[in-house]
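Residues per chain are reported as follows:
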Amino acid sequence: MQPARITVFAPATIANLSCGFDILGLALEGVGDLMHLELTEAPGVEIRKVSGMDLPLQADRNVAGVAAMALLEASEYRGGVAIEIEKRIKPGSGIGSSAASSAGAVWGLNQLLGAPFTTPELVGFAMKGEELASGAAHADNVAPALMGGITLVRSTDPLDLARVHCPPALHTCVLHPQIELKTSDARKILKTTIPLKLGIRQWGNVGGLITGFFTEDYGLISRSLEDGIVEPVRSLLIPGFTALRTAALEAGALGFGISGSGPSVFALTRGLETAQAVARALEAVYGGFGIPYEIHVSGVSREGVRALPEADPGS
Ligand code: HSE
């Protein structure tokens, strides 16, 4: 018998990984949202409660609601679902806040229904939430949120996803300046065409990065963490970007860039100790800026959304 209620942890994610705009992403350990889902006799989606952030309770204006509705419409189930969200990832942070809610909602609901849908199908439903949040149904946050590890979105139409090998020593450091940058705004400022020369360099880097991950060639990973297309435009919106990059690379980072659409920035490192050294170096830079920030040092989560044990109602 399927449980009537489930609690899930939905991880934060770093999308793009510099050169892979809209196609690459990875899941973080330890940073994420908690969601409680319960089947209801009443059809449709009820967002019962959102704690931690001020987000809409109307299901058709909430990314988790829209994603869950897409799943319900495709299923044979005639009842509905009630969702409570403990939001820990700030919207507009650049570490996949909307993706965590969308992915958590569809994964949890699928479990409650006896897992009728495959993971790629869940990615498709979760992309409806991304479309509501940013105006574009990109999958580079929801794919790693649902699949874990590092993921490649080869195509969104039709959806074609691949898991990329993650070197075990790979770690991340994310600095989140406490300013909000909406993904929809950070997408509007991008040009829609690129010169061929830039394209050639960018797809060389994407191929290099993926090869570097598979062969655990940290030199190749490092050289490939370069973005000549999106970063030059978006980095202008992030206070201290160049100083942060210099500090991260001097502290031993393999590379440094914008996490998703920003304002968070990320570094990839070989090993936890280097990630901690990068964190100290970034803090030293940002301490002088007067902008509040959060910093996360994390490995890459091999798992995506996962179930957590239910609290004992009697305790
Ligand atoms: N690929 C998306 C973007 C990710 O950069 O706009 C948003 O988190």
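Residues numbered from 1 in each chain as written. Predicted model: local features only at pLDDT ≥ 70, side-chain atom pairs only at ≥ 80, totals over all residues. Heavy atoms only, no water.

### Digging into the pattern of salt bridges
Under the defined criterion, the tally for this structure stands at 11 salt bridges. Residue Asp22 is joined to Arg187 by a salt bridge in which the shortest nitrogen-to-oxygen separation is 2.7 Å. Of this pair, Asp22 sits in the loop between strand E1 (5–15) and strand E2 (24–40) while Arg187 sits in helix H5 (residues 183–188); the two residues are 165 residues apart in sequence, bridging distant segments of the chain. Residues Glu38 and Arg48 are paired through a salt bridge, measuring 3.7 Å at the closest nitrogen-oxygen approach. (Salt bridge = Lys/Arg side-chain N within 4 Å of Asp/Glu carboxyl O. Helix = DSSP H or I, 4+ residues; strand = E, 2+ residues; numbered from the N terminus.)

### Observations concerning the packing of helix H2 (residues 97–112) against helix H3 (residues 119–134)
One way to put it is that H2 packs onto H3 with a least axis distance of 9 Å and a crossing angle of 145°. Note on packing geometry: the crossing formed by H2 with H3 is right-handed. Facing Ser98, Ala99, Ser102, Ala103, Val106, Trp107 and Asn110 of H2, the residues of H3 in contact are Leu122, Phe125, Ala126, Gly129, Glu130 and Ala133. The class makeup of the residues in the contact of H2 with H3 is 8 nonpolar, 4 polar and 1 charged. (Axes fitted to C-alpha atoms, helices over the stretch in contact; angles between N-to-C directions. Left-handed = near helix turned anticlockwise from the far one by under 90°. Contact = heavy atoms within 4.5 Å. Nonpolar A, V, L, I, M, F, W, Y, C, P; charged D, E, K, R; others polar.)

### Brief notes about the site of the ligand
Neighbouring residues of the ligand: Ala15, Asn16, Phe21, Asp22, His138, Asp140, Asn141, Thr183, Arg187, Arg234, Gly260 and Ser261. Separating an oxygen atom of the ligand from a side-chain N or O atom of Asn16 is a distance of 2.8 Å. With respect to the ligand, the side chain of Arg187 contributes an N or O atom lying 2.7 Å from an oxygen atom. When the ligand sits alone it has 260 Å² of accessible area, and the protein chains cover 97% of it. Of the residues contributing to the shell around the ligand, the split by class is 2 nonpolar, 6 polar and 4 charged. (Near = heavy atom within 4 Å. Polar contact = N/O pair within 3.5 Å; in protein donor to acceptor, adjacent residues only side chain to side chain. Areas by Shrake-Rupley, 256 points an atom, 1.4 Å probe, with all protein chains shown as cover.)

### Some details on the state of the cysteines
Taken as a whole and judged by the stated rule, the model has 0 disulfides. Of all cysteine sulfurs, the one in Cys166 lies closest to Cys19, which takes part in no disulfide; the gap is 15 Å. Take Cys19: its relative accessible area is 3%, and that puts it in the buried class. (Disulfide = S-S within 2.5 Å. Buried < 20%, exposed > 50% of the residue type's maximum accessible area, 1.4 Å probe, protein only.)

### Here we look at H3
Helix length check: H3 (16 residues) gives 22 Å between terminal C-alpha atoms against 22 Å at 1.5 Å per residue, within 8%. All buried positions along H3 are accounted for by Leu122, Val123, Phe125, Ala126, Met127, Gly129, Glu130 and Ser134. Each element contacted by the buried residues of H3 is listed here: helix H1 (63–74), H2, helix H4 (142–147), strand E5 (150–156), strand E6 (159–164) and H5. Following H3 by one or two positions, Gly135 adopts a phi angle in the positive range, close to 80°. (Expected span 1.5 Å × (residues − 1).)

### As for the nonpolar core
Counting residues in hydrophobic clusters, the biggest one holds 68 residues, and the most contacted among them are Leu17, Leu37, Ile83, Leu146, Ile150, Leu170 and Phe213. Ranked by residues supplied to this core, first place goes to H2 with 8 residues. Beyond its immediate stretch of four places on either side in the chain, Leu37 contacts Ala4, Arg5, Ile6, Val8, Val81, Ala82, Ile83, Gly104, Ala105, Gly108, Leu109 and Leu112. Core analysis: the next-biggest nonpolar cluster, separate from the first, contains 19 residues, Cys173, Ala248, Val278 and Leu282 among them. (Core = buried A, V, L, I, M, F, W, Y, C linked by side-chain atoms within 4.5 Å.)

### Some thoughts on the domain arrangement of the protein chain
Examined at the domain level, the protein chain breaks down into domain 1 (5–164) and domain 2 (170–299). On a C-alpha basis, the centroid separation for the pair domain 1 and domain 2 is 24 Å. Between domain 1 and domain 2, the contact holds 31 residues from the first and 40 residues from the second. Of the roughly 2,500 Å² buried where domain 1 meets domain 2, counting both sides, 65% is carbon and sulfur surface. In terms of surface lost to domain 2, no three residues of domain 1 exceed Ser18, Cys19 and Phe21, which account for 24% of the buried area on that side. Joining domain 1 to domain 2, the criterion identifies 2 salt bridges. Note that Lys90 is salt-bridged to Glu294, the shortest N-O span being 3.4 Å. At the junction of domain 1 with domain 2, the criterion picks out 11 residue pairs in polar contact (both at pLDDT 80 or more). Every element with two or more residues in the side of domain 1 that touches domain 2 is listed here: E1, E2, H3, E5 and E6. (Domains from an automatic or database assignment. Buried area = accessible area lost by both parts, 1.4 Å probe.)

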